[in-house]
Number of protein chains: 2
Amino acid sequence: MKLVCGHVISKDALNKLSIQNKLKYPYCPLVPRDVLHRLLEGLQTADKNGYGDGQHHQGLLPESKPTPVVGIGLDSCVIPIRHGGLFLVQSTAFFYPLVDDPYVMGKIACANVLSDVYAMGAVEIDNMLMLLSTSNKMTDKERDTIMPLILQGFKECAEEAGTSVQGGQTVINPWLIVGGVATAVCTQNEIIIPENAIVGDVLVLTKPLGTQVAVNAHQWLENPDRWNRIKSVISEDDVRKAYQRAMNSMARLNKIGASLMHKYNAHACTDVTGFGLLGHAQNLAKHQKHDVSFVIHNLPIIAKMATISKACGNAFGLLQGTSAETSGGLLVVLPREQAAAYCKDIQAQEGYQAWIIGVVEKGGRTAKIIDKPRIIEVPAKDTEGELW
Amino acid sequence: MKLVCGHVISKDALNKLSIQNKLKYPYCPLVPRDVLHRLLEGLQTADKNGYGDGQHHQGLLPESKPTPVVGIGLDSCVIPIRHGGLFLVQSTAFFYPLVDDPYVMGKIACANVLSDVYAMGAVEIDNMLMLLSTSNKMTDKERDTIMPLILQGFKECAEEAGTSVQGGQTVINPWLIVGGVATAVCTQNEIIIPENAIVGDVLVLTKPLGTQVAVNAHQWLENPDRWNRIKSVISEDDVRKAYQRAMNSMARLNKIGASLMHKYNAHACTDVTGFGLLGHAQNLAKHQKHDVSFVIHNLPIIAKMATISKACGNAFGLLQGTSAETSGGLLVVLPREQAAAYCKDIQAQEGYQAWIIGVVEKGGRTAKIIDKPRIIEVPAKDTEGELW
């Protein structure tokens, strides 16, 4: 049957899942962001000693000892290889389930891994590897129900991307892990090195923000303490719909957005994930060749999630652009005169909106959100029986 | 200072480690093999539905929809790509620490990941990604001491392999995880597709068996119940030396063994890891083009580990070839007249022994160990102050 979130799941699988359909509880708490930040700080020294260096901006000619064109500073790496002016573009990501539906979780994990490669403009993916762990707290029955659905979701998403999964590893762990590796071998003109933003360019975002807020709000439906804090501003139905929208958005590939970057001469791009819109915008700004800054005026957000965020005293940082996203959209720097056409083309090909959210000004390679950004509710109007 | 196991560690690091130098206890139990096997069985259905298929043996010409030359059935994949007759060789592995020294653990993880690519004859590695999780049970101090050493070990091993680490991800997890991804883009003649064994060939093994037994015996030094079961057959000193040998062996790259496969016309190769010598031999046999079987006569084993295995009632399966190895040697199928020279060349270049352990006979693509295999103690004679 086709669910409201747009994916198809067999009745059989649904029946099996009704035995125990929670992937997240109690196995898989999310990693608190402050802990992750502290950890990354803790690893800084090792980084400086050469584990990676995102500051390199070498020319594109392979050398005898290749220097990465894009290193660890951004989420994927672009490395010249020995053969015929080709480049290796790779990314890896793995994390813990954040939605209850294992099939969708597999799709999200795959879309999330691919997104980093797409952000470099590379759309022909040569291979994917899958990284999995089952949870040692699952029963055999849970494992045998859940894991094949995750595999299936991941695999089908890879096929949708025009590639396939030809390797991987599975281990056993207290928490369920799902992730992977995407690899593309590209010619130079298939890649957009994300460093050419110029004053006058505009910023486009291809998916709405708020996935993390929606996922959390949905969990709170089963947590009266938490739910009481937001129930005055949102209905259960609205939370469920936002959750379906978040799942749909996270499982959607950034492939068409990436492909159209070439057609509309994008100057730079990143995808929006764990560090939120502002975090990734700042990181992208830091890597620019010219003296530019990114100024964000508009925040497209899954409908009602801004309201929830405010009701929680902005605990998520959604309106500050620091709320983590999973498998978020592309943040694309485009020539002003091409941006509207880029958005229209995405709408025409995929039926999804994209938004011009900011401008590139002269500045010191930073990014900011203006004081009172315009919140764009996505969708603007709720339509009965339709997701967007 | 240089330790007996051959690696160098700073006094500072040693002092820091003396605060808490156990990576394995209590965070990181190994995954019982039977559980892993059951899990893999549980995933079989998904596999058959296309998650992967190790049975493919297509020709080497890239097609419009590339079919992997080597798929999930072996531990690395070889995939034709769009460009100039090139192939993508990739492998990934991640696991839990099994030695107490974080620096060595980083090296072992790196050598283990690379090993699968080396087994295909590919020795020019284009990139590595690192997969890490810290344990949420570590204190900040433990984390800040241990993680940089793991990173350093991994990075230095990658450099020793002539490549570098240009990406990866770090998460937080109950158990510490360390692993990575190795990628090589190769021309056809840089790869040895492991399917050309013929009757009359011989089998060479490039590292001794028994790493898992040595690691376990070393843990038992701190577990009186377990230690009492083996103390009549081995001294504490012998266990410690075996453990140092195992660490040294696991941290050693299979690069030279892989490189020499080209010089001596190897017909097939696999590396020996989680499924033990026999498991990997059987898997390799299954992938052969000709009607052959592998018969193993000799088992080179880290000194005294066969004795321990017997004292435990063969619980490890070491003499049956089913004892798991980590970062084990290459099992290489070579023309009979080249095998001795191959072994000698490894000895000359690295100072390590390799052994002819079996023969290729006519048969049904299976592998076996003869009833009473000859145990080769490695080293044959213990030399005071020397590891091998």
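Model, not experiment: these values are computed from the prediction.

K.L.:
Would you mind going over the overall build of chain A with me for this structure?
P.N.:
Helix and strand content of chain A: 11 helices and 11 strands. Buried positions account for 62% of the 388 residues belonging to chain A. By sequence separation, contacts in chain A at least 24 residues apart represent 81% of the contacts at least 6 residues apart. Surface summary for chain A: the accessible area is close to 14,500 Å², and the carbon and sulfur share equals 50%.

K.L.:
Sorry if this is basic, but what is going on with the packing of aromatic side chains here?
P.N.:
What characterises a pair of aromatic rings is the spacing of the ring centres plus the angle enclosed by the ring planes. Within this structure, the stated rule accounts for eight aromatic pairs over all chains. Residues A:Y264 and A:Y342 carry aromatic rings whose centres are separated by 6.1 Å and whose planes lie at 85° to one another, so their mutual orientation is edge-to-face. Here A:Y264 is found in the loop between α8 (255–263) and β7 (268–271), whereas its partner A:Y342 is found in helix α11 (residues 336–350), with 78 residues between them in sequence. By relative accessible area, which is 10% here, A:Y264 ends up buried. Taking 6.2 Å as the distance between ring centres and 75° as the angle between the ring planes, the aromatic pair formed by B:Y352 and B:W388 counts as edge-to-face. Here B:Y352 is found in the loop between α11 (336–350) and β10 (355–362), whereas its partner B:W388 is found in the segment after β11 (367–378), with 36 residues between them in sequence. B:W388 sits in the partly exposed class, given a relative accessible area of 25%. Positioned above the aromatic ring of A:Y352 is the side chain of A:R252, whose terminal nitrogen or guanidinium carbon lies 4.0 Å from the ring centre.

K.L.:
Even after reading the chapter, I still don't get the pairing of strand β6 (residues 202–205) of chain A, so can you show me in this structure?
P.N.:
Regular strands show a simple pattern: their side chains alternate between the two faces of the sheet. Residue and element names in this part refer to chain A. Of the two faces of β6, the one holding V202 and V204 and the one holding L203 and L205 are both buried throughout. As paired elements, β6 and strand β9 (residues 330–334) share four bridges and run antiparallel to each other. For V204, the partnering residue across the bridge sits in β9 and is V332. Where β6 lies against strand β10 (residues 355–362), four bridges are found, and the strand directions are antiparallel. Looking at β10, one finds that V202 is bridged to V359.

K.L.:
Looking at this structure, I do not really get the pairing of strand β2 (residues 87–95) of chain A. What am I missing?
P.N.:
Residues and elements named next belong to chain A. Taking burial as the measure, the nine residues of β2 include nine buried ones, the bulk of the element. One ladder, built from four bridges, connects strand β1 (residues 77–80) with β2; its direction is antiparallel. Bridging from a neighbouring strand, V78 pairs with V89 of β2. What sits between the antiparallel neighbours β1 and β2 is a turn of six residues, in which G84 has the positive phi angle 40°.

K.L.:
I would appreciate a short explanation of the packing of helix α8 (residues 255–263) of chain B against α11(B) in the present structure.
P.N.:
Describing two packed helices takes the angle between their axes plus the distance from one axis to the other. All names here are of chain B. Interhelical geometry of α8 versus α11 gives an angle of 140° and a closest axis separation of 10 Å. Relative to α11, the element α8 lies oblique. Two packed elements cross with a definite hand, and for α8 against α11 that hand is right-handed. Contacts from I256, G257, L260, M261 and K263 in α8 reach Y342, D345, I346, Q349 and E350 in α11. When grouped by side-chain class, the residues that make up the contact of α8 with α11 number five nonpolar, two polar and three charged.

K.L.:
How should the sheet that holds strand β3 (residues 127–135) of chain A be read in this particular structure?
P.N.:
What holds strands together in a sheet is hydrogen bonding between their backbones, with the strands either parallel or antiparallel. Residues and elements named next belong to chain A. The five strands are arranged β1-β2-β5-β3-β4 in an open sheet whose pairing can be described as mixed. Strand pairing shows two members of the sheet lacking a second neighbour, β1 and β4 (165–173), which therefore form its edges. If you compare each strand with its neighbour and ignore which way they point, the axes differ by 15° on average. Packed onto the sheet, helix α3 (residues 102–118) meets β2, β3 and β5 (177–186) and runs at close to 145° relative to β2. Where helix α4 (residues 140–160) meets the sheet, its contacts fall on β3, β4 and β5, and the angle it forms with β3 comes to roughly 165°.

K.L.:
Please clarify how the pattern of salt bridges should be interpreted in this entry.
P.N.:
Opposite charge on two side chains makes pairing possible when the charged atoms of those side chains draw close. Summed over all chains, the structure comprises 26 salt bridges over all chains. Across the salt bridge formed by A:D382 and A:K241, the nearest N and O atoms sit 3.3 Å from each other. You can see A:D382 sitting in the segment after β11 (367–378) and its partner A:K241 sitting in helix α7 (residues 236–251), a full 141 residues away along the chain. With its nearest N and O atoms 4.0 Å apart, the salt bridge here joins B:K289 to B:E195. Taken together, the residues span a long stretch of sequence, with B:K289 in the loop between α9 (276–286) and β8 (292–302) and B:E195 in the loop between β5 (177–186) and β6 (202–205) at a distance of 94 residues. The class for B:K289 is partly exposed, based on a relative accessible area of 48%. On the accessibility criterion, B:E195 (12% relative accessible area) is buried. When salt bridges with common partners are traced through the structure, they connect A:D140, A:R143 and A:D144 into a single cluster.

K.L.:
Could you clarify how one ought to interpret the domain arrangement of chain A in this entry?
P.N.:
Accessible area lost when the parts come together is the quantity often used to give the size of an interface. All names here are of chain A. For chain A, the domain assignment lists domain 1 (66–191) and domain 2 (201–378). Summarising the inter-unit geometry, the C-alpha centres of domain 1 and domain 2 are found 22 Å apart. Counting from both sides, the interface comprises 26 residues of domain 1 and, opposite them, 27 residues of domain 2. Together domain 1 and domain 2 conceal approximately 2,100 Å² of surface at their shared face, both sides included; 62% is due to carbon and sulfur atoms. The interface formed by domain 1 and domain 2 contains zero salt bridges. Across the contact surface, domain 1 and domain 2 share seven residue pairs in polar contact (both at pLDDT 80 or more). For the side of domain 1 that touches domain 2, the elements supplying multiple residues, two or more each, are α3 and α4. No other element matches the nine residues that α3 contributes to the side of domain 1 that touches domain 2. Counted by class, the side of domain 1 that touches domain 2 contains 14 nonpolar, six polar and six charged residues.

K.L.:
I'm lost on α8(A) in this one. Help?
P.N.:
For an α-helix the count is 3.6 residues per turn, leaving residues at separations of three or four pointing the same way. All names here are of chain A. Among the residues of α8, G257, A258, L260 and M261 are the ones counted as buried. On an axial view of α8, the arc spanned by its buried residues comes to 165°, and they lie on one face. Directly beyond the C-terminal end of α8, a positive phi value near 60° is found at N265.

K.L.:
Looking at this model, I keep getting lost on the packing of α3(A) against α7(A). Mind explaining?
P.N.:
Residue and element names in this part refer to chain A. Two elements in contact, α3 and α7, have axes separated by 7 Å at closest approach and are oriented at 45°. Classified by the angle between their axes, α3 and α7 sit oblique to one another. For the pair α3 and α7, contact is made by V104, K107, I108 and A111 and by M247, M250 and A251, respectively. Considering only residue class, the contact of α3 with α7 consists of six nonpolar, no polar and one charged.

K.L.:
Would you mind showing me how to read α11(B) here?
P.N.:
Residue and element names in this part refer to chain B. For α11, which comprises 15 residues, the first-to-last C-alpha distance of 22 Å matches the rise-based estimate of 21 Å (1.5 Å per residue) to within 8%. Listed in full, the buried residues belonging to α11 are Q338, A339, Y342, C343, D345 and I346. The arc that holds the buried residues of α11, viewed along the axis, is 160°, so those residues lie on one side. In α11, those exposed residues whose orientation departs by more than 90 degrees from the buried face are E337, K344 and A348. Within two residues after α11, G351 carries a phi angle of roughly 80°, on the positive side.

K.L.:
Explanation requested: the sheet that holds strand β4 (residues 165–173) of chain B in the structure shown.
P.N.:
Residues and elements named next belong to chain B. Strand order in the open sheet formed by five strands is β1-β2-β5-β3-β4, and the pairing between neighbours is mixed. For this open sheet the edge positions go to β1 (77–80) and β4, each flanked by a neighbour on one side alone. This sheet shows a mean twist of 15° between the axes of neighbouring strands, independent of strand direction. Summarising the sheet, strand β2 (residues 87–95) and β5 pair through nine bridges and their orientation is antiparallel. Of the residues in β5, the one forming a bridge with T92 is V181. Against the sheet, helix α3 (residues 102–118) makes contact with β2, β3 (127–135) and β5, and its axis sits at roughly 145° relative to β2, the strand it touches most.

Procedures and definitions
Residues numbered from 1 in each chain as written. Chains lettered and ligands numbered in written order. Predicted model: local features only at pLDDT ≥ 70, side-chain atom pairs only at ≥ 80, totals over all residues. Heavy atoms only, no water. Helix = DSSP H or I, 4+ residues; strand = E, 2+ residues; numbered from the N terminus. Buried < 20%, exposed > 50% of the residue type's maximum accessible area, 1.4 Å probe, protein only. Contact = heavy atoms within 4.5 Å. Areas by Shrake-Rupley, 256 points an atom, 1.4 Å probe, with all protein chains shown as cover. Phe/Tyr/Trp six-rings, centres within 6.5 Å; stacked < 30°, edge-to-face > 60°. Lys NZ or Arg CZ within 6 Å of the ring centre and 35° of its normal. Pairing = 2+ DSSP bridges. Axes fitted to C-alpha atoms, helices over the stretch in contact; angles between N-to-C directions. Parallel < 35°, antiparallel > 145°, perpendicular 65-115°, else oblique. Left-handed = near helix turned anticlockwise from the far one by under 90°. Nonpolar A, V, L, I, M, F, W, Y, C, P; charged D, E, K, R; others polar. Salt bridge = Lys/Arg side-chain N within 4 Å of Asp/Glu carboxyl O. Domains from an automatic or database assignment. Buried area = accessible area lost by both parts, 1.4 Å probe. Polar contact = N/O pair within 3.5 Å; in protein donor to acceptor, adjacent residues only side chain to side chain. Arc of directions from axis to C-beta. Expected span 1.5 Å × (residues − 1).

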